[in-house]
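Below are the chains, spelled out letter by letter.
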Amino acid sequence: MAPTIQQQVFEIIAKQAKIDISTIKPESTLKDLGIASLDAIELIFDIEEHFDINFPEQQGANFDSDTAQSLVDAVQKALDEKAAGAGQS
Amino acid sequence: MATVTTRRVVITGMGAISPLGVGAEALWQGLREGRSGIRPLRHADSERLRVKVAAQVPESFDPAANIDERILPQLDRTSEFALHAAREAITHSGIDFSRDGLGLRTGVVVGTGVGGETTQDEQSRRLYVDNASRTHPLTIVRLMTNASASQISIAHGLRGPTYAVASACASANHAIIQAAQMIRFGMVDAAITGGTEACLSYGALRAWEAMRVLSDDTCRPFSANRRGLVLGEGAGIFVLESLEHAQARGANILAELAGTGMSADASDIVMPNPEGAAMAMRQAMDEAGLAPQDVDYINAHGTGTQANDATETRAIRLAFGAHADRLAVSSTKSMHGHALGASGALELVAAIGALRDGVVPPTANLDQPDPACDLDYVPNTAREMPVRAVLSNSFAFGGLNAVLALKRAP
């Protein structure tokens, strides 16, 4: 079975933060995981590259309060939008 | 310990190419009227880019105007801006470098964040996209970071210490401080200095997009709804002289560059630190012999990012204590955008204008107060008020801070 989006996102987080994947919980914030500032921007980049998606251009994402689950949700949303866009064209 | 004699440094000429037009007066008039130079991005690749707005020098700017046509092929856009602004500043000051060998005792220090980015991008495209096997033969001459300083030196016969200074968004202020110190310690009698930047290339815009610090609508410094910085471009160039030199030739003195402060945060490569910024502001005031209550206006770094504006507010409180609540603070980046290595130079035009005319330019687009930004930012409309002394802040990625303290002409 293909890994779920959550598994894939958690793997990218674990690699970026150099932590064991088992320590990541859906409710963990990026701050809890020790990911701040440039690390968070790199993480977003890694996720975008992995899924071939673009997160919206909103500046100032709140890395203190954003959770691992919120990243999973954002990936799902971007993939859904991409699929819808592909269906229309 | 040997006694070091130091000299006072004054500014006697200014020139600018900016999103608000050609000339320092066009820039200052635009700022005091609260006009914005931020527009939809003009770019050959704008359809592909996510960045939608920028503060660009208007298309009416003619790089070839009054420039020797044999020199033109040597120039990247950064040097075009710098040469035009330098000529304006030198004409404005009425200084004559051919007299009494003054050219031998005049230095040139120009700040730029990245130098000839447009050239680099064009030539890389030739190689990697068009599969060309050679670049333009003047590629190196155009893109070298010192090109602007060298072109000014050649155009005006200036043979003193000449070089570029690079410290990202603080480049212009660091350059101006270097030039001032050469005069202060007697190495030269005059200096041409400032900053220039023109890096709105496809590659650079993509790099800024990836960093997620760009606003998608406009620049709203200190406003709760701020969404990031808006990239700009341009140049500001100044004539600095020792006070005695300026007085001896009967020059019109615009302002005294009375103090300077430089520091490094030594903490994070991008996140600013209020202690480092406050240290540079204190140094500038100390060197100028200013107490906090002597300062009426701060031209803030004020980029419009979440991190800068709240941190700069804390830094001003650290440096000024109770007087912070009596200061007028504004970010003119809300109108001329963030010209990176040129930004401190464009902002020095604003600082001089405020001192000279008794008018503080506003912070445009400030419509939602932010509890983390609780100073008087002169929202949206300029304010007429007596201005005795000004600080002009520049803080750079890399944690580098450079602050100028200005007083009225003696």
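The structure displayed is predicted, hence computed values, not measured ones.

Student: It is not clear to me how the packing of helix α1 (residues 5–17) of chain A against helix α2 (residues 38–51) of chain A should be interpreted in this structure. Could you clarify?
Tutor: Geometry of a packed helix pair, given as the angle between the helix axes and the separation of the axes. Residue and element names in this part refer to chain A. Two elements in contact, α1 and α2, have axes whose closest approach is 10 Å; the angle formed by their N-to-C orientations is 140 degrees. As judged from the angle between their axes, α1 and α2 are oblique. Every pair of crossing elements has a handedness; the one defined by α1 and α2 is right-handed. Taking contact as the criterion, the partners of Gln 8, Val 9, Ile 12, Ile 13 and Gln 16 in α1 are, on α2, Asp 39, Glu 42, Leu 43, Asp 46, Ile 47 and His 50. Residues that form the contact of α1 with α2 fall into these classes: 5 nonpolar, 3 polar and 3 charged.

Student: Please explain the interface of chain A and chain B as it appears in this structure.
Tutor: At the interface, 7 residues of chain A touch 15 residues of chain B. Tallied by class, the residues present in the side of chain A that touches chain B amount to 3 nonpolar, 3 polar and 1 charged.

Student: Which parts of the structure should I look at to understand the domain arrangement of chain B?
Tutor: It is common to report an interface's size as the accessible area lost on association of the parts. Residue and element names in this part refer to chain B. Along its sequence, chain B is carved into domain 1 (9–248) and domain 2 (259–407). Look at where the C-alpha atoms of domain 1 and domain 2 centre, and you get two points 21 Å apart. Of the residues lining the interface, 60 residues belong to domain 1; the matching set on domain 2 comes to 54 residues. Sorting the residues of the side of domain 1 that touches domain 2 by element identifies β1 (9–18), α1 (24–32), β4 (53–55), α6 (171–184), β7 (190–197) and β8 (234–242) as the ones contributing at least two each. Among the elements that make up the side of domain 1 that touches domain 2, the one with the highest residue count is α6 (7 residues). In the side of domain 1 that touches domain 2, the residues fall into 31 nonpolar, 23 polar and 6 charged.

Student: Sorry if this is basic, but what is going on with the packing of α1 of chain B against helix α12 (residues 343–357) of chain B here?
Tutor: All names here are of chain B. With their axes 10 Å apart at the nearest point, α1 and α12 run at an angle of 70 degrees to one another. One way to sum up the angle between α1 and α12 is to call them roughly perpendicular. Note that α1 runs across α12; the crossing there is right-handed. Contact residues: α1 offers Ala 24, Leu 27, Trp 28, Leu 31 and Arg 32, while α12 offers Leu 346, Val 349, Ala 350 and Gly 353.

Student: Explanation requested: the confidence of the model for chain A in the structure shown.
Tutor: Low pLDDT means the predicted atomic positions in that stretch should not be read closely. Within chain A, residue pLDDT values average 86, and 87% of them lie at 70 or more. By mean pLDDT, the top-scoring element of chain A is α1 of chain A (94), and the lowest-scoring one is helix α3 (residues 68–88) of chain A (86).

Student: Would you mind showing me how to read the UniProt feature "domain: Ketosynthase family 3 (KS3)" (unreviewed entry) in chain B here?
Tutor: Residues annotated in UniProt with the feature "domain: Ketosynthase family 3 (KS3)" (unreviewed entry) correspond here to residues 6–408 of chain B. The span residues 6–408 of chain B shows a helical share of 33% and a strand share of 20%, and its end C-alpha atoms are spaced 19 Å apart.

Student: I keep staring at the pairing of β7 of chain B and nothing clicks. Help me out?
Tutor: Successive side chains on a regular strand alternate, one facing one side of the sheet and the next facing the other. Residues and elements named next belong to chain B. Burial runs high along β7: 8 of the 8 residues are buried. Every second residue of β7 is oriented toward a common face, with Ala 190, Ile 192, Gly 194 and Thr 196 on one face and Ala 191, Thr 193, Gly 195 and Glu 197 on the other, all of them buried. With 6 bridges joining them, strand β5 (residues 106–111) and β7 adopt parallel strand pairing. Looking at the pairing, Gly 107 lines up with Ala 191 of β7. As defined by bridge partners, β7 adjoins β8 across 8 bridges and the pair is classed as antiparallel.

Student: I tried to follow unusual backbone geometry on my own but got confused; where do I start?
Tutor: Negative phi characterises most residues that are not glycine, and trans characterises most peptide bonds. All names here are of chain B. The phi dihedral of Asn 365 falls on the positive side, at around 65 degrees, and the residue is not glycine. For Asn 365, the position within the fold is in the loop between β12 (359–360) and β13 (383–384). Despite not being glycine, Val 378 shows a phi value in the positive range, around 50 degrees. Residue position: Val 378 is located in the loop between β12 and β13.

Student: What exactly am I supposed to notice about the pairing of β8 of chain B here?
Tutor: All names here are of chain B. Counting buried residues in β8 gives 9 out of 9 residues, a clear majority hidden from the surface. Inspection of the sheet shows β1 paired to β8 by 8 bridges, in the antiparallel sense. Bridged to Ile 11 within β8 is Leu 240.

Student: For this particular structure, what's the right way to read the nonpolar core?
Tutor: Within soluble globular proteins, side chains that are nonpolar generally end up buried alongside one another. The biggest cluster of nonpolar side chains holds 125 residues, and the ones touching the most others in it are Leu 240, Ala 405 and Leu 406 of chain B. For this core, the two domains that each supply at least three residues are domain 1 (9–248) and domain 2 (259–407) of chain B. Those residues within four positions of Leu 240 of chain B in sequence are excluded, and the remaining contacts are Val 9, Ile 11, Ala 179, Ala 180, Ile 183, Ala 190, Ala 191, Thr 193 and Leu 257 of chain B. Ile 24, Leu 33, Ala 40 and Ala 68 of chain A belong to the second-largest nonpolar core, a separate cluster that totals 16 residues.

Basis of the calculations
- Residues numbered from 1 in each chain as written.
- Chains lettered and ligands numbered in written order.
- Predicted model: local features only at pLDDT ≥ 70, side-chain atom pairs only at ≥ 80, totals over all residues.
- Axes fitted to C-alpha atoms, helices over the stretch in contact; angles between N-to-C directions.
- Helix = DSSP H or I, 4+ residues; strand = E, 2+ residues; numbered from the N terminus.
- Parallel < 35°, antiparallel > 145°, perpendicular 65-115°, else oblique.
- Left-handed = near helix turned anticlockwise from the far one by under 90°.
- Contact = placed C-beta atoms within 7 Å.
- Nonpolar A, V, L, I, M, F, W, Y, C, P; charged D, E, K, R; others polar.
- Domains from an automatic or database assignment.
- pLDDT = per-residue confidence, 0-100.
- UniProt positions renumbered as here; feature names shortened; annotations may be inferred.
- Buried ≥ 20, exposed ≤ 12 C-beta atoms within 10 Å, placed from the backbone.
- Pairing = 2+ DSSP bridges.
- Core = buried A, V, L, I, M, F, W, Y, C linked by C-beta atoms within 7 Å.

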